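Read off the chains here:
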Amino acid sequence: MSELAPLDYELSLLSRLVEINTESVPKKGYSECASVIVEEAEKNSLTAEIVDGEKGANDGLSRPNVIVTLDSGSDTTVLLESHFDVVPPGTGWKYPPFKLTVEQGKAYGRGTADNKAGIVAVMGALRQLSNEKLDVNLKLVAGVDEEIGGRYGVDYVMSDWGLKGDAALIVDAGPESLFLGASGIIWGKVTVKGKQGHAGYPFKAKNAIEEAMKLIDCFEDYEKLVEKKESTLHAPVGSPRKFVWGRYSVTMIRAGEKENVIPGICEFRFDRRLLPEESLENAEGELMDFFKNALDETGCEAFLELVNKQNGYCTSSDLVFVQTVSETIQKTTGQRLPFAAELGGNDGSFFAKNGIPVVCYGPIRADTHYHGVDEFVYLQDIKNTRDSVVNLGKVSRDKIV
Ligand SMILES: [Zn+2]
């Protein structure tokens, strides 16, 4: 057990956080979890405040984003972002999802990797640094609603409440690469019209499912078109391609109510992933042009609604902050990480949107079953994240901006 001893603080805090079910939809455990973080901050002479996204959402559901500050009186601030909401556990767990089980170098439980380990790693680092003379301020942002792309989590903290900072490290990430970007997202909903009728008399109706199939077929050309796009940033380890590429998938289809009724409406939805550096506006324009042509080509009657849009981002590897984080991780772990971009999105886009350089590194290793059954985090990755943050906190301010 001796090699675990240096993580005692982090594991006992992780255990407290994992025991609180903080699923994003019911939001029931949010306040309790936020209180634990605030209490821990105050115990370690850090200041903590809660920015409640409910003030923006106005629906009576508290969304306590927690900000913990180590104030060094500096004019330079590094933001450290994570989130404490989790996805539902699902069934089939060998370990209890809402109780921490530590076994053979791993800590099991829902939210361990994604992303409560990120919170405890940063809290452990701030605790170690709280008595040191530093040249930069450090701020942990422990957000909510991340798993549901929530507007009133970190986006609210950054864009509405106006949290300021000079650079951001997103610890809601894996340790295999230093991520300098994430993909943008467009979600589309296509409603295809037909004419409802009796299945015994199909010649009197127009089957909306058959119409939709024509369009879905046609969208295979769109998929080919976007797959040709290639980023300058590397794809994560284990990807089928070397560089991040454009992606399109049909993800939902809905039509029909009864076997003997020809449906008059069919709706399908899709997910399009942009390159980190791709402009959302251009991608939207391209999609709309494609859709218009597809209608002409198929003769379908349909309309397209974009139900969600999120910019990707791409941080330049020339920035001093990127070099500093890269060197700090190398100094801490002995590993020089390759630069890459995430295939998914992440909350880094809310920092990038506000002009703050963003890099991502954290404990969510690819094989940790995050969002899956028996999620775990490697203790070594908690330690590496914590120690990297400690070393980052000790750099001089000219290494940040
Ligand atoms: Zn996450």
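Residues numbered from 1 in each chain as written. Predicted model: local features only at pLDDT ≥ 70, side-chain atom pairs only at ≥ 80, totals over all residues.

**Topic: helix H8 (residues 320-333)**
Piece 1. End to end, H8 covers 20 Å across 14 residues, agreeing with the expected 20 Å (1.5 Å per residue, within 8%).
Piece 2. Inspection of H8 places Phe 321, Thr 324, Val 325, Thr 328 and Ile 329 among the buried residues, and these make up the whole buried set. Along the axis of H8, the buried positions cluster into a sector of 130 degrees, meaning they face one direction only. Exposed side of H8, more than 90 degrees from the buried face: Gln 323 and Lys 331 are the residues found there.
Piece 3. Where H8 ends, the next residue or the one after it, Gly 334, has phi of about 80 degrees, a positive value. (Helix = DSSP H or I, 4+ residues; strand = E, 2+ residues; numbered from the N terminus. Expected span 1.5 Å × (residues − 1). Buried ≥ 20, exposed ≤ 12 C-beta atoms within 10 Å, placed from the backbone. Arc of directions from axis to C-beta.)

**Considerations on the domain arrangement of the chain**
Piece 1. Entries for the chain in the domain assignment read domain 1 (2-182 + 312-399) and domain 2 (185-310).
Piece 2. Here domain 1 and domain 2 have C-alpha centroids that lie 35 Å from each other.
Piece 3. With 18 residues of domain 1 at the interface, the matching set in domain 2 holds 18 residues.
Piece 4. Mapped onto the side of domain 1 that touches domain 2, the elements with two or more residues apiece are strand E8 (178-182), strand E17 (313-314) and strand E18 (339-342).
Piece 5. Per-element tally for the side of domain 1 that touches domain 2: the top contributor is E18, with four residues.
Piece 6. Class assignment of the residues belonging to the side of domain 1 that touches domain 2 gives a composition of ten nonpolar, six polar and two charged. (Domains from an automatic or database assignment. Contact = placed C-beta atoms within 7 Å. Nonpolar A, V, L, I, M, F, W, Y, C, P; charged D, E, K, R; others polar.)

**Some thoughts on the sheet that holds strand E4 (residues 101-103)**
Piece 1. Reading across from one edge, E4-E5-E20 is the order of the three strands in this open sheet, with antiparallel pairing throughout. Whereas interior strands pair on both sides, the edge strands pair on one side only; in this sheet they are E4 and strand E20 (376-378). Neighbouring strand axes in the sheet, compared pairwise and without regard to direction, differ in orientation by 20 degrees on average.
Piece 2. One ladder, built from three bridges, connects strand E5 (residues 106-108) with E20; its direction is antiparallel. (Pairing = 2+ DSSP bridges. Axes fitted to C-alpha atoms, helices over the stretch in contact; angles between N-to-C directions.)

**Observations concerning helix H1 (residues 8-18)**
Piece 1. Listing the buried residues of H1 in full gives Glu 10, Leu 13, Leu 14, Leu 17 and Val 18. Mapping the buried residues of H1 onto a view down its axis gives an arc of 130 degrees, with all of them on the same face. Exposed side of H1, more than 90 degrees from the buried face: Asp 8 and Ser 12 are the residues found there.
Piece 2. Contacts made by the buried residues of H1 are with helix H2 (30-43), E5, helix H4 (112-129) and helix H10 (379-393).

**Considerations on the packing of H8 against H10**
Piece 1. For the pair H8 and H10, the least separation of the axes is 9 Å and the interaxial angle reads 125 degrees. Put simply, H8 runs oblique to H10. Between H8 and H10 lies a crossing of right-handed hand. The residues of H10 that touch H8, namely those facing Val 325, Thr 328, Ile 329, Lys 331, Thr 332 and Thr 333, are Asn 384, Asp 387, Ser 388, Asn 391 and Leu 392.
Piece 2. For the contact of H8 with H10, the residue count by class is three nonpolar, six polar and two charged. (Parallel < 35°, antiparallel > 145°, perpendicular 65-115°, else oblique. Left-handed = near helix turned anticlockwise from the far one by under 90°.)

**Quick notes on the sheet that holds strand E9 (residues 185-193)**
Note: strands within a sheet are paired through backbone hydrogen bonds, in either parallel or antiparallel orientation.
Piece 1. Pairing in this open sheet of four strands is antiparallel, and the strands run E13-E15-E9-E16 from one edge to the other. Both edges of this open sheet fall to strand E13 (247-255) and strand E16 (301-310), since each of them pairs with a single strand only. Within the sheet, the average angular offset between the axes of one strand and its neighbour, ignoring direction, is 20 degrees.
Piece 2. Bridge analysis of E9 against E16 gives nine bridges, and the strand direction is antiparallel. Across the sheet, Val 190 pairs through a bridge with Leu 304, a residue of E16.
Piece 3. Those strands touched by helix H6 (residues 208-227) are E9, E13, strand E15 (265-273) and E16, and its axis lies near 170 degrees from that of E13.
Piece 4. Across the face of the sheet, helix H7 (residues 280-298) comes into contact with E9, E15 and E16 while running at roughly 165 degrees to E16.

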